[in-house]
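Overview (structure and organization)
These are the residues of each chain, in order.
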Amino acid sequence: MPGAAARESFSLAESRPEVGCASVGPVSATGVLLAAGLGERLRPLTESIPKPALPLLDIPLGAWGLCNLLEATSDVVVNASYSSDVVFGALAPYGEFETLDEGAAPWGTGGTLAALRQRISSTALICNGDVLTDVSAARLLAEHRRAGAAATVAVSLVDTGADLSLDSGRVTGFVDRRSDPDAAGARYLGIAAFEARTLELLPDTRPLGLAESLLRPLADGGEVATYFSDGYALDVGTVARYLEASLDLLEALGPVGPRPPPGELVEVEGGRVYLGLDVASDEESIGPGAMVLAGARLHEDSYVSNAIVWPDEEVPAGTRVENGVWARGRLVSQGGTYSALRCRF
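Below is a summary of the structure that appears in this document.

Conventions we followed
Residues numbered from 1 in each chain as written. Predicted model: local features only at pLDDT ≥ 70, side-chain atom pairs only at ≥ 80, totals over all residues. Heavy atoms only, no water. Salt bridge = Lys/Arg side-chain N within 4 Å of Asp/Glu carboxyl O. Helix = DSSP H or I, 4+ residues; strand = E, 2+ residues; numbered from the N terminus. Buried < 20%, exposed > 50% of the residue type's maximum accessible area, 1.4 Å probe, protein only. Patch = residues over 30% accessible without salt bridge, like charges linked within 9 Å, V, L, I, M, F, W, Y side chains within 5 Å. Areas by Shrake-Rupley, 256 points an atom, 1.4 Å probe, with all protein chains shown as cover. Lys, Arg positive; Asp, Glu negative; His and termini not counted. Charge placed at Lys NZ, Arg CZ, Asp CG, Glu CD.

Another aspect to go through is the pattern of salt bridges. According to the stated counting rule, one finds 13 salt bridges in the structure shown. Arg119 is paired through a salt bridge with Glu98; the nearest N and O atoms lie 2.8 Å apart. Placement of the pair is Arg119 in the loop between α3 (108–115) and β7 (123–128) and Glu98 in strand β6 (residues 98–101), with a sequence separation of 21 residues. Exposure remark for Arg119: the relative accessible area of 28% places this residue in the partly exposed category. The closest approach of N and O atoms between Glu212 and Arg216, which form a salt bridge, is 2.8 Å. Placement of the pair is Glu212 and Arg216 together in helix α5 (residues 210–220), with a separation of four residues, close to one helical turn. Relative accessible area serves as the criterion here: at 53%, Glu212 is assigned to the exposed category.

Rendered as structure tokens:
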């Protein structure tokens, strides 16, 4: 049984629908949720669950992007590569979409858009499947059309770690963060719009990145507009970022979810916790920041704090799980490595 009944429960998203995501009626663009990444920086977690299906409070990561696109258009395609059946199955409860299975080797964002050229008649509205953000795809699309640009990218202004250089709201160049990590400018937030005619610039080669194949030639012509946001945006690309995103959602700091978490959100001494459906634990095992997902079991004298316990996992008696992810019978630290059973990060 989950903790004591005396703890106060609450919901982060009571106004959201229980099933599916709100979608506009007519087709105003073709949405593309980019969900084919291998998630290499999230290993070993992604060796068992592909990145877009990673659970955040028992909701798959990719559901945020899918629902964001469905709020802009009813025509959405989801691509996948590694464990595509798991990706499509995890996202299916959150709305209707077509699937594009790219096989064992991802095609790259440019390759995916090139493959969809004949299907996209007006605007391609793309969203990275691993981004957690409150940037509205519908509002970006509206601004893109108001500006009459060939392409529009969502960005935030940063003093360091920029991806893009700007002039008068247009992209003028690209920054290699590996060689210039302290550059000021704009950072891409994982959502963009491209007019269908621009996709003719894409060669039929795979894998094909987006920046060099499409964004750079458009930027050279001054055709890439920007949509500025100072809201929440997190690239969930590492174990540390996965834990950060989950804690942000727990503390209501991240974007509202596509639906309320199915489990119980409760207050304990020192903070909040999330207990998924059919969790078995006693109150002493639950510390602040614990996120124990559906079906997990915490044995006697175990303790979880500021950590995620994956669905249906068992935490052995006497084990401390802190500052990491308990998955496949081990604690995965924020550095992405398995730790000993009693490791304290």
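Glancing now at a negative patch on the surface. On the surface, Glu283, Glu284, Glu300 and Asp301 cluster together to form a negatively charged patch. Locating Asp301 in the fold gives a position in the loop between β18 (297–298) and β19 (303–305). Exposure remark for Asp301: the relative accessible area of 60% places this residue in the exposed category.

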